[in-house]
Structures are given as structure tokens and as C-alpha cells.
Amino acid sequence: MFYHSTRNAEPVVDSARAVLEGLAPDGGLYMPEFIPEFDWKACLSGSAQEMSAMILSALLPDIPNMRQLVANAYTGKFETEDLTPTVPVGGFTVLELFRGPTSAFKDVALRMLPQLLTTAKGVCGMEKDIMILTATSGDTGKAALAGFQDVPGVRITVFYPDGGVSKVQRAQMVTQEGENVNVCAVYGNFDDAQTGVKNIFAACRDKELPFMLSSANSINIGRLAPQVMYYFKAYRDLLDRGAISMGDEVNFSVPTGNFGDILAGYIAKLLGLPVGMLICASNANNVLTDFIRTGTYDKRRPLLKTTSPSMDILVSSNLERLLYLMSGCDTALVADLMGKLNTAGVYTVPANMKAAIDQQFWAGCCDDAGAAKVIAGVWAEQGYLMDTHTAAGWMAAEEYVAETGDRRPMVVLSTASPYKFPAAVLEAIGGDLSGDEFDQMERLEAVTKVPAPQNLSTLKGKPERHTGVIDKEKMLEYVLSL
Ligand SMILES: *Cc1c(COP(=O)(O)O)cnc(C)c1O
């Protein structure tokens, strides 16, 4: 099975090479030529780690020893050995993806990526160090830093928008230990940081560097593939609870930014898992809601700061993979649409593609006030505390059910611990906001009795090791100086 760019069917590379490179040479994203035959029922009978190994072996067949790599990535690292527990809440099921070492759903992928990448490096005979470059709107940065800390043969640089992440998220990153890690703030917003990283890749394409550049963003297939597992895991939990019978379809509502998480759900479906509708949830930055509802993607709008910053985004990278799949793998069309996005800032997909998207996806969005209302309501009625991103997913799920009457079981993906965004969560449930974010974290714990994750409650007072801020034009220079 080979991989090629979403923008060109040639050249092809094997799956190890696709993981190693991250981004295809033409700027497109790597996709498999076809989705392999997969025994999805057998997959459902395994543990979370076994599910992960089976799925990853199918999607990345050139990476050997997958069971061992999965064990290295996950054993003893998550709060629960089943990695991603589910909790029935009201009429829905919440899939808790934030039980990893940095309390981000991105831990699921970023514990695994270093294993995949270092193995791929060996398979490809690459001797240089790898330099991971990552732009983060908050959670990716810390999860990537923790995942790659002191991994031999790999270095990592994380850029985050100055003032664009929460205080807790910033503290998580700037206190990161490890000999191979760099963290730097950039004046600008997340899209500036992400564009800056893309520009560095472009500028370095033909340069002889002491390291090979790669990416930990979900543009890397090695970051995306590990996320498929938890859709299977959620399905299995529903089976175990007797909430569904084998073969019943389940809907999933996914708080969405770069479209990686929700795309992993669609890949689960392509592998055979009975996934019904995939609901794409956004905050006030609702470029994806508009796209899924109208077929027109229009990034010409201001980026708003919200209480769910991990979804504050105008250019959603993995949507390119969806366009590829929904066009019947029409690389010329994808290249054309991406060109339009780049030059005009807007594109419209053909009617048949819009119809194909409508079959699989539904979209909803809510603003900060809407998310706060959900947090307060679910806390008051169900005693379940959720974060602002999860609240957007919950709201979209409710809207979907109200609008369509679809009564298939609904899983809402919970992408962050409420303690990642203590101010917004505390405010939503009517708490006192005085003090800084760390005081708010303690107060949230005192008021709700929901235990704060240890990695967050022990952050306060840790020494700051990475305090630089640079202009976005200086990002290339910064990397070359490392
Ligand atoms: C990254 C992130 C998202 C968005 O996930 P994508 O895969 O980029 O769509 C949602 N919520 C939280 C808390 C995140 O960290």
C-alpha cells in the first residue's frame, strides 16, 4: 500500500516515508492509495492497545513491531489502562480523550507519533536528526513536547501565538524539560504561527540542513492514524454496556479545529466501523459550519478569540484530506481548490461533492455564551463537568438531534479536561473568578469536588525555561539558529 499527496497521484511513497516527511513535497497531505481490507469486528474484541496496534498496522504497514510501539507509547502513561474511557451523561455518551499525561486529547496521538517516527527513521535509513516543527493553538504544543522529550535522534520546536493560549497552557509549555525541546511565542494569532511553520517547510525544501524537518501537526498521517482507535473503543464500550448491538450505527459529535479528530472518525468508518453521522462542532469561528452547510469555504473573516481556543482557526488543514476523499480521490480538483484558497481565500466545491459530504457530515456551532450555558446545564442536571470545547460538541449534538430527530446513539468527544480552561468553566457554573488561573483551578476543584489532573495541579511554581517571543517573519531564522 502506497501513499501519495492529496494534490498529485505521483510520486508514491511507502507509509514509513509518509510519516517521516509529514507533508508531501507539493504541499499536499499524504493519503493512502486505498483503504485496506480490515477485520473491524475482530478489532473490537481487543483491548485499547490491541485495537490501536491492529488499526495502525493496517494503515501504516511498513512500520514493524506495532504492538511493541503501542505498548511503549501508552503503558502506564494514561490515568486508565483503557486509555479513553466513556461516561454516559444524560442522553449522550461522553468519550473522554483527555486522560493522558498532559490532559489533552492530543496525547493519544502524540504519545504514539514519536514511536512511529523513530521507527520510520530506521526503516528509511535516515541518519540525520529529525527536527519536529509545530504550531500550536494550545494543546498540541505541550502534548508534542511531552511526547518527544528526550527521544533520541529527534528535536522539537513549538511555536505558539503570544497571548493566544490560556495561562495554564502557556505554563505547561514554557516549563517543559528536556534537552531536545524549544518553545517560542510568536506575535500574531494561531494562523500566523501555522502559516509561518508551513513557510519554513517551503523555504527549507532544497536546503542542506543539519536535520530533517518533520511535523507533529495532524497534517502528518502518523499523527492522524493513532486517533482512529478511540472510535472503535467507544463503540466497544457501547456494546459492553448493552446500549447497542453489533452492527448498529453510532453518531459522533466532534469539537473540531484542524479537522484531524473528526477525519479519524471517517477513517474508522471507511475501515468498517458502523459510524452514522459525524457532527462537526465549531465555536464562533464557524468557517467549517458554513462550509459543511453551503459547500463554500471562505476564510476571509476575522479570527475571533473564544473560550475554546483550540478551535480558533480559519484554515483547517485536514479538510484537504476530506476534499480528496469526497471528490473520489481527484487530486487535480483538490490542487485547484487549495490554489483558490491560497490566492482568493475562498472556494466552492462541486455539487456532487457537496452531496457526498451531506451524506456523512453535519455541522453546528456555538458562541462562548452558548458553551457556558451547556457547561452550567450539564453540571446542574447531570453532575458532569465538561470543558468549553466539549460543550461545543454537546451543543452541536443537541441541535442535530432536535433538527433531524435522528435517535441513533450519540457519542460526544471530550477533547480537554475542564481544568485546562478553569476561568471559563468556573464562570459558567457561577464561581468566583478572582485570582489567576491557578487560583481558579483550585477553586474549581473545591467547588465541584471533581479532582484536577495531577499534571496541572503541580504546574504552579515550576520554573519557566522558555520565555522568548519573536515576530512571525523571524521564525525561519530562529529555527536555523538552533
Ligand atoms: C486540537 C483540539 C481540538 C481540535 O481537534 P482537530 O483535530 O484539530 O479538529 C478540539 N479541542 C481541543 C481541546 C483540542 O486541543
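Placed above this text is the structure.
Because the structure is predicted, anything quoted here is derived from the model rather than measured.

So, how was this worked out
- Residues numbered from 1 in each chain as written.
- Predicted model: local features only at pLDDT ≥ 70, side-chain atom pairs only at ≥ 80, totals over all residues.
- Heavy atoms only, no water.
- Helix = DSSP H or I, 4+ residues; strand = E, 2+ residues; numbered from the N terminus.
- Rg over C-alpha atoms; globule rule 2.2 N^0.38 Å.
- Buried < 20%, exposed > 50% of the residue type's maximum accessible area, 1.4 Å probe, protein only.
- Areas by Shrake-Rupley, 256 points an atom, 1.4 Å probe, with all protein chains shown as cover.
- Lys, Arg positive; Asp, Glu negative; His and termini not counted.
- Charge placed at Lys NZ, Arg CZ, Asp CG, Glu CD.
- Near = heavy atom within 4 Å.
- Polar contact = N/O pair within 3.5 Å; in protein donor to acceptor, adjacent residues only side chain to side chain.
- 1 Å grid on protein atoms, 1.4 Å probe; cavity = no way out; pocket = protein on both sides within 12 Å on 5 of 7 lines; lining within 4 Å.
- Sits in = over half its atoms within 2 Å of the grid points.
- Nonpolar A, V, L, I, M, F, W, Y, C, P; charged D, E, K, R; others polar.
- Points joined across faces, edges and corners; volume = space filled by probe spheres on them.
- Pairing = 2+ DSSP bridges.
- Axes fitted to C-alpha atoms, helices over the stretch in contact; angles between N-to-C directions.
- Parallel < 35°, antiparallel > 145°, perpendicular 65-115°, else oblique.
- Left-handed = near helix turned anticlockwise from the far one by under 90°.
- Contact = heavy atoms within 4.5 Å.
- Phe/Tyr/Trp six-rings, centres within 6.5 Å; stacked < 30°, edge-to-face > 60°.
- Lys NZ or Arg CZ within 6 Å of the ring centre and 35° of its normal.

Q: Tell me about the overall build of the protein chain, and name the residues and values.
A: Across its full length, the protein chain carries 21 helices and 16 strands. Taken over C-alpha atoms, the radius of gyration comes to 21 Å for the protein chain, in line with the 23 Å a tight globule of 482 residues would show. Across its three principal directions, the C-alpha atoms of the protein chain cover 60 × 50 × 45 Å. Counting all 482 residues of the protein chain, 60% fall into the buried class. A total of about 17,200 Å² of accessible surface is found on the protein chain, and carbon and sulfur atoms cover 49% of it. Computed over 41 positive and 56 negative side-chain charges, the separation of the two mean positions in the protein chain equals 2 Å.

Q: Run through the site of the ligand, naming residues and quoting values.
A: Close contacts around the ligand come from 15 residues, with Lys106, Gly257, Asn258, Asp261 and Thr415 the closest. Lysine 106 is positioned with one of its side-chain polar atoms (N or O) 2.4 Å from an oxygen atom of the ligand. Side-chain polar atom of threonine 415 to a nitrogen atom of the ligand: 2.8 Å apart, as the coordinates give it. Within the complex, 97% of the 380 Å² of free accessible area of the ligand lies under protein. Here the ligand is seated within the largest cavity. For the shell around the ligand, a count of residues per class yields 5 nonpolar, 7 polar and 3 charged.

Q: Before we move on, can you summarise the layout of surface pockets with the specific residues and values?
A: Counted as a void, the largest pocket has a volume near 580 Å³. As for the largest pocket, its lining consists of 24 residues, of which Arg7, Gly27, Lys198, Val315 and Asn342 are closest to the centre. Those elements giving two or more residues to the lining of the largest pocket turn out to be helix 8 (190-204), helix 13 (319-326) and helix 14 (331-343). Broken down by element, the lining of the largest pocket gets its largest block of residues, 6 residues, from helix 8. Tallied by class, the residues present in the lining of the largest pocket amount to 10 nonpolar, 7 polar and 7 charged.

Q: Tell me about the pairing of strand 15 (residues 410-414), and name the residues and values.
A: Among the 5 residues in strand 15, 5 count as buried, and that is most of the element. Burial along strand 15 is two-sided: Met410, Val412 and Ser414 and Val411 and Leu413, pointing in opposite directions, are all buried. As paired elements, strand 5 (residues 92-96) and strand 15 share 4 bridges and run parallel to each other. Bridge pairing in strand 15 places glutamate 96 opposite serine 414.

Q: Can you break down the packing of helix 5 (residues 106-123) against helix 6 (residues 139-148) residue by residue, with the values?
A: Packing of helix 5 against helix 6 leaves a shortest axis separation of 9 Å and a crossing angle of 40 degrees. Looking at the two axes, helix 5 sits oblique to helix 6. Note on packing geometry: the crossing formed by helix 5 with helix 6 is right-handed. Counted together, Lys106, Asp107, Leu110, Arg111, Leu113, Pro114 and Leu117 of helix 5 and Asp139, Thr140, Ala143, Ala144, Ala146, Gly147 and Phe148 of helix 6 form the full contact between these two elements. Residue composition of the contact of helix 5 with helix 6, by class: 8 nonpolar, 2 polar and 4 charged.

Q: Let's hear about the packing of helix 16 (residues 368-382) against helix 17 (residues 388-404): which residues, and what values?
A: Running from N to C, helix 16 and helix 17 point in directions that differ by 90 degrees, and their axes come no closer than 8 Å. Accordingly, the angle class assigned to the pair helix 16 and helix 17 is roughly perpendicular. Of helix 17, the residues touching helix 16 (which contributes Gly370, Ala371, Val374, Ile375 and Val378) are Thr388, Ala391, Trp394 and Met395. Taken together, the residues of the contact of helix 16 with helix 17 break down into 7 nonpolar, 2 polar and no charged.

Q: An account of the packing of aromatic side chains is needed here, citing residue identities and associated values.
A: If you walk through the whole model with that rule in mind, you get 12 aromatic pairs. Aromatic side chains phenylalanine 38 and phenylalanine 232 sit 5.9 Å apart centroid to centroid with 80 degrees between the ring planes, which places their arrangement in the edge-to-face category. Remark: phenylalanine 232 occurs in helix 10 (residues 229-240) and phenylalanine 38 occurs in the loop between strand 3 (30-32) and helix 2 (40-44); sequence separation between them is 194 residues. Given the relative accessible area of 13%, phenylalanine 38 is considered buried. The aromatic ring of tryptophan 362 is capped on one face by arginine 293, whose charged end is 5.5 Å from the ring centroid.

Q: Describe the environment of serine 103, with residues and values.
A: Looking at where serine 103 falls in the secondary structure, it is placed in the loop between strand 5 and helix 5. Separated by 353 residues in sequence, serine 103 and leucine 456 place their C-alpha atoms 8.0 Å apart. In terms of polar contacts, serine 103 uses its side chain to reach the side chain of asparagine 455, at 2.8 Å.

Q: Quick one: what's the story with helix 6, residue by residue and with numbers?
A: For an α-helix, the turn length of 3.6 residues means that residues three or four places apart are oriented alike. Of all 10 residues in helix 6, 10 are buried; the element is thus mostly enclosed. Buried positions along helix 6 lie against helix 5, strand 6 (129-135), strand 7 (154-161), helix 7 (167-174), strand 8 (181-186) and helix 9 (221-224). Immediately beyond the C-terminal end of helix 6, within one or two residues, lies aspartate 150, with a positive phi of roughly 60 degrees.

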